Structure formats: structure tokens, C-alpha cells
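Analysis of the macromolecular model
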Amino acid sequence: MFRLVGSVADALHRECYVVGGYVRDLLLERGSKDIDFVSVGNGIELARAVARRIGRKAHLSVFKTYGTAQVKTREWELEFVGARRESYSRDSRNPVVEDGTLAEDMRRRDFTINAMAIQVNSAHFGELLDPFDGVGDLERRIIRTPLDPDITFSDDPLRMMRAVRFATQLGLDLHPSTAEAIGRNAQRIGIITHERIADELMKIMRSPRPSCGFALLDECGLLPLIFPELTALKGVDTSHGRGHKDNFLHTLQVLDNVASCSENEWLRWAALLHDIGKPATKRWDPQQGWTFHNHNFIGEKMVPKIFSRLRLPMSEHMKYVKKLVGLHMRPIALVESFVTDSAVRRLLFEAGDDIDDLMVLCKADITSKNQEKVQRFRDNFDLVKRKLVDIEEKDRVRNFQPPIDGQAVMDTFGLPPSPPVGLIKDAIKDAILDGDIHNNYAEAYGLMLSRAAALGYEPVHKGQLCHTTIDTWLGAVTLACCTSGIVLVTLGDAREQVERAARQLRLVTCEAVPPLLAECARQLQAYLAGELREFSLPLCLHGTEFQHAAWQVLQGIAYGHTITYGEQAARLGRTTAARAVAQANRQNPLCIIVPCHRVVAADGTPGGYRLGTDVKCRLLDLERSHNTQPTQEDGQQQKDN
């Protein structure tokens, strides 16, 4: 590419040089695909000629306002500009630009390591121009300005941020004259837009050791001006001979701990801000010493304001950082106390998919000079992580949604959006997270009824047997429910059976679809599509005591398994009652949901079934085709449901 651009420049009788960051990175053996070219003469004209030479693979963009042009290929991004000189006014970093010589162009650059050029014209191809000893400064690993640093930084105060950023990215030191000049000109940063400052902060954050950048910003006097919340973390207060750790230094250590194991820049922001609420919550307690109670919640509230002021994205990234700041004490609290399943469930629920990042942050937050203490915390922390894995595998509460939502609560009790709806929803969520009920519809429904009753609310359809008919691949299926649970699931338009069930339960029939019936229809369709292995619905079984006992046995047969009538009778403790069991099964009003199709004759042939043996065979075939080696847990889950 150098040869190609050089030959085009020769044809135009133009001097042309590769300049700036590409030359620096070339000497540092850092790869780059962006090349800046300076032409002594019109840079746009040279860019057009280069694009023509490359042909179809080149895309040309011209920016006349800035006197620049860009040529993009699959491999390269080439920037072209004419050599220029600049002059600044006191109240702006935007210079007045005029055509200039290469020497004038080099003098206007920010740092010596960026003020080097390589000629690409054939007569002097590859010749390095280094008027300010940039190579020497790279070897000495220092950042220095080509001219008087006070003029450099006063003209364009953003260069102060760039000095810190380059030092952080490249592992260099600020030359004493550079650092002192930044201190003298720090107030000039006020004319720089927040967006440009945020851009430099993001580049610092992406560097291998971002703490170096924030430490340098503090040393040079820029940090109090652009990030006062971080400066407020500095220092140690002492009372009664007891002090707390310097939260600024602690924060920088946590930031580097996170950076050492994650390139997620927003996780790094969470590390930087995790203790931002400590200055506002610092208190002395005679018994406990220095305390920072609720600093995570205060910090969580500060995050949106900080992001807004710094013009960082107020999107999911901000919400992510806010969440981690608010939750960062939770795993630590679990480390310090007995780990309950309930506490772990709540943490999984609230952290959701960000739980792994939260654990990275919290492990990074374990800092102490006492290595025995650190090791003890880390061992306990590993225990918490194992507990998280175990609970997640068992309960699946990460990002879970309670089985009953606010709309179902409102529809069931005829309520408008109101606080009672939220109270009932929260009661269901909390009961699941506390392990008081399983995460299924049946138990959530029962709790909803009891909590609503305690608040003085009754279901809209109390005293009614609601029914509807849906279409399935089995044909029409009639569903009926009362407020206590599902009463009837059977084939056909079974109005007579609905009326009979209503009389037995002393209810009035009503053609309606309350939320419970809608959920029954949803689960049935999913079951018949092979997408659901077991039902989770409250059932309202009506029959004799023996029938109830027989139907209870049916709920313990794992998906895809079958037993004989004799085995069902044996489970009842009535080994000679196989015929009575078969009769009870045929009387089952819920013969699709309560799986009596899983009971067969001793020789394996289908036995009696209310919906007919052909339906029984189709349901068994469905289960066998979707079954994947049922386990003991399947049977236990069915019993739970």
C-alpha cells in the first residue's frame, strides 16, 4: 500500500508521508489497519487518484469542510490530508487551518511519538523523519510534547486527556514537564465537550491496566474536574485510633482485578463505580468502627446521573452497570453468613443473566493485605458459586417469570391496575424465591387465592363452573373449571358432562374463559404438541375416596412410562382391586391431564379408557416419541405437580 500511494504521489509530483499513530505503532510492533497520509499539497486530490488506482475495491469519502478524504478497502482504511499549520483562539479548541509545510504539520502534532513520518515517494521510500526524537521517547517510554507543553495543552485541552490515555494504553510515563503543564492547564478542560472526554475515558477503560489512567488523571489534577465522585473516595479518616482503607486505591485495585480477567468494558465501569456511594454513607460507630451501610444502594442511584453527565450511553449498558453496583454486596454477604437456598434464589432472580459478571466483580472486590483473610473469603466465595450452580440446576430461577402475572390476577378478581395486584404478584414471587412453593402454576394459583382472600377479594367467577371448547389434533376438547381448579377435560362438546359436574359441585355453569381455563388450554396444546411433559394445574377431582386415591397414583407415573392395573392396585395397597382400579380410571373426569392412559393391561394391550383405546394409543405414542430416558426426578416432579 505504501508503494501504491507513493507511485500515485510521484505521478502527481507530490511529497507524501505516512504520519502519526501508524508510524508509532509500526515502531512498537503493534498491528494497525488505519494509515494516515500527509500530502504536501491537496490531500483530497491525492485520495481521489489513489481510489482510481485501486479500482472497484476502493470506497472514497470526501470531507471538504475538514479538507480530508478517506479511502476504504477490505484490508485498509486510508486517511488523506494536506500538510497544514494551525492557530487557536483562547475560547476554542477548533483551530484556524491553513496550508503549510511538512515541518509545520509535524510541529502542530500533540506528542513527539506522534510527530514522526515515513516518506513513501520512490526517491526516498521508507525514510523516517523524526524531528522531535519520537524514537528516543519511545525507547525512554515517555510522553512529551514537540513544543512548549503549556502552549500545546492551552491550544487544545483535549490533548491533556490524550496524554493520559496514551500513557495508559502504551505503558508509558508522562515526562515531568508534560505532567506539570497538565496541572497548570487543567482548568482549560472545561471548554471540551463531555462527549470527547467520555471517548477518552472509554479508551482508558479498554486499556490493559485502566487504573493507571485514573491514577494519572488524579495526579495531574484533571480527575476532580471531570469525575469528582471518584476524587471523593480518596483519603483515610481515623477515629479512636481506627481508620478505614483508602477507597480510591481500593477501587483502582478492583478495577485492575476485573480488567485482568475480563475485557467487558461495562463490567470495568461497574468495578470503577461499585463503591461510589461510600463517601455519602461513611459513619463512625463506636461498636463497629467505620461503616458504609447501604453504600451499594446509594451508588446504584448515582450511576444514571454520572452516565448522563459524562454523556455515556443511557441504554442497557447503564442499566447493567447500575444493577451490578446495586447488587455487588449481595454475594459478599452470602460469604459472610450461612448460605440459604432462599438467599441464593433471590440473587439468581435479581441478577439474571448478569450473575456470572456479578460474581467476577465480587471476587475482584476481595482485597486485603491480610492474605489469610483473602484466602478464607475466596474459599467461602467458591462455596457460594457452587451453591449458585446447584440452585440454578434445581430451581431454574435465573430470569424466571412467576407463573401468574399481573394481568391474570386482575382478570381473576376483576381488579384494575392497583397496589393489591402488586402485593399478590410479589407474594407469589417471594414464596417461590423463599422455597415456600415450587415454581409452578398450581401452587402459585393456590397462593394467589389465599392472598387475595386475606385482602378481601373473591374471584369474579366464584360459584360458577366455567367451560369452553378448544380444537386439538384429538378433535374438540371440552375444558371446565371452578375457582378451586380444573374440573373436566374430555373429548367432544361435552355439555352434559359439564352440567353433571356442576350439579355434583353445586355450581352454576358459565361459558367463559377465566385465566385458569386459558392456562389449561395453553398447557394442553403444548402437551399435545410434545412441548410439555407434565401439567402443572390445580385440580378439582370429584369422586369417591377410593377414586381419589386411584387418581393420585396416576399422577406419579413418569412421562412416557406405563404401569398395569395390578401395579396401580398394589400401589394403593389393594392388590386384588385391579378391576375396581380400572373402573375408577374410566370414571376419571380429567383423563387427559390425570394420565390414566399410562395404565395398560398385564399383557401390555390398552385397557379401558373414557376417551377410547384409539385415543389412548395416540397419547402413548406421543409420549414415547418425545420421551428421552425418563428419570426418577420426572416421577417426583409429576408427584409434586
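Residues numbered from 1 in each chain as written. Predicted model: local features only at pLDDT ≥ 70, side-chain atom pairs only at ≥ 80, totals over all residues. Heavy atoms only, no water.

Attention shifts here to the overall build of the chain. For the chain, the helix and strand inventory stands at 31 helices and 21 strands. Taken over the C-alpha trace, the chain has a radius of gyration of 37 Å; the compact-globule value for 641 residues is 26 Å, which it surpasses by more than 25%. Dimensions of the chain, computed from the C-alpha atoms along their principal axes, are close to 105 × 75 × 45 Å. Burial status across the chain gives 50% buried among its 641 residues. (Helix = DSSP H or I, 4+ residues; strand = E, 2+ residues; numbered from the N terminus. Rg over C-alpha atoms; globule rule 2.2 N^0.38 Å. Buried < 20%, exposed > 50% of the residue type's maximum accessible area, 1.4 Å probe, protein only.)

This part covers the sheet that holds strand S18 (residues 485–491). Pairing within the open sheet is mixed, and its four strands lie in the order S18-S17-S16-S19. Here the strands that pair on one side only, and so sit at the sheet edges, are S18 and strand S19 (508–511). Here the strands of the sheet are splayed against their neighbours by 25 degrees on average, with no regard to which way each runs. Here six bridges tie strand S17 (residues 475–482) to S18, and the two strands are oriented antiparallel to one another. Bridge pairing in S18 links Cys481 to Ile486. (Pairing = 2+ DSSP bridges. Axes fitted to C-alpha atoms, helices over the stretch in contact; angles between N-to-C directions.)

Time to look at the sheet that holds strand S1 (residues 16–19). Consider a sheet: its strands pair through backbone hydrogen bonds, and that pairing is either parallel or antiparallel. With mixed pairing, the seven strands of this open sheet are ordered in space as S3-S4-S5-S2-S1-S8-S9. Sheet topology places strand S3 (59–63) and strand S9 (128–129) at the edges, where each strand pairs with a single neighbour. Taken together, the four bridges between S1 and strand S2 (residues 34–39) define a ladder with antiparallel strand orientation. Bridge pairing in S2 links Tyr17 to Val38.

All right, on to the packing of helix H19 (residues 341–351) against helix H23 (residues 419–433) then. As a packed pair, H19 and H23 sit with axes 8 Å apart at the nearest point and diverge in direction by 125 degrees. On the basis of their axis angle, the class for H19 and H23 is oblique. On the side of H19, the interface is formed by Asp341, Ser342, Arg345, Arg346 and Phe349, while H23 contributes Lys429, Asp430, Ile432 and Leu433. Across the contact of H19 with H23, the residue classes tally to three nonpolar, one polar and five charged. (Parallel < 35°, antiparallel > 145°, perpendicular 65-115°, else oblique. Contact = heavy atoms within 4.5 Å. Nonpolar A, V, L, I, M, F, W, Y, C, P; charged D, E, K, R; others polar.)

With that settled, the discussion passes to the nonpolar core. Core analysis: the largest hydrophobic core is formed by 103 residues, its most contacted members being Phe37, Phe214, Leu217, Phe227, Trp269, Leu273 and Val321. For this core, the element with the most residues is helix H7 (residues 158–170), which contributes eight residues. Among the nonpolar cores identified, the runner-up in size contains 63 residues, and Leu415, Val421, Tyr527 and Val581 belong to it. (Core = buried A, V, L, I, M, F, W, Y, C linked by side-chain atoms within 4.5 Å.)

Before going further, it helps to spend a moment on the pattern of salt bridges. Tallying each qualifying case throughout the model produces 33 salt bridges. When the shortest N-O distance is used, the salt bridge between Lys278 and Asp275 registers 3.4 Å. The burial state of Lys278 is the same as that of Asp275; both residues are buried. Through salt bridges that share partners, Asp133, Asp137, Arg140 and Arg144 make up one connected network. (Salt bridge = Lys/Arg side-chain N within 4 Å of Asp/Glu carboxyl O.)

This part is about the pairing of S1. Alternating residues of S1 divide into Cys16 and Val18 and Tyr17 and Val19, and every residue in both groups is buried. Where S1 lies against strand S8 (residues 117–119), three bridges are found, and the strand directions are antiparallel. Across the sheet, Val19 pairs through a bridge with Ala117, a residue of S8.

Interhelical geometry of helix H9 (residues 194–205) versus helix H14 (residues 265–273) gives an angle of 95 degrees and a closest axis separation of 10 Å. The orientation of H9 with respect to H14, classified from their angle, is roughly perpendicular. Residue-level contacts link Leu201, Met202 and Met205 of H9 to Glu265, Trp266, Arg268, Trp269 and Leu272 of H14. Each residue belonging to the contact of H9 with H14 can be placed in one class, and the counts come to six nonpolar, no polar and two charged.

To continue, consider the pairing of S2. Across six bridges, the pairing between S2 and strand S5 (residues 77–82) is parallel. The residue of S5 that forms the bridge with Ser39 is Gly82.

What follows covers helix H16 (residues 295–310). Between its terminal C-alpha atoms H16 stretches 21 Å, which fits the 22 Å expected from 16 residues at 1.5 Å a residue. Taken together, the buried positions of H16 are His295, Asn296, Gly299, Val303, Pro304, Ile306, Phe307 and Leu310. For H16, the elements touching its buried residues are H9, helix H11 (223–226), helix H12 (228–231), H14, helix H15 (278–281) and helix H17 (316–327). Note on H16: the residue one or two positions beyond its end, Arg311, has a positive phi of about 60 degrees. (Expected span 1.5 Å × (residues − 1).)

Here we come to unusual backbone geometry. Of note, the phi angle at Arg141 is positive, near 60 degrees, even though the residue is not glycine. Note that Arg141 resides in the loop between helix H5 (134–140) and strand S10 (142–143).

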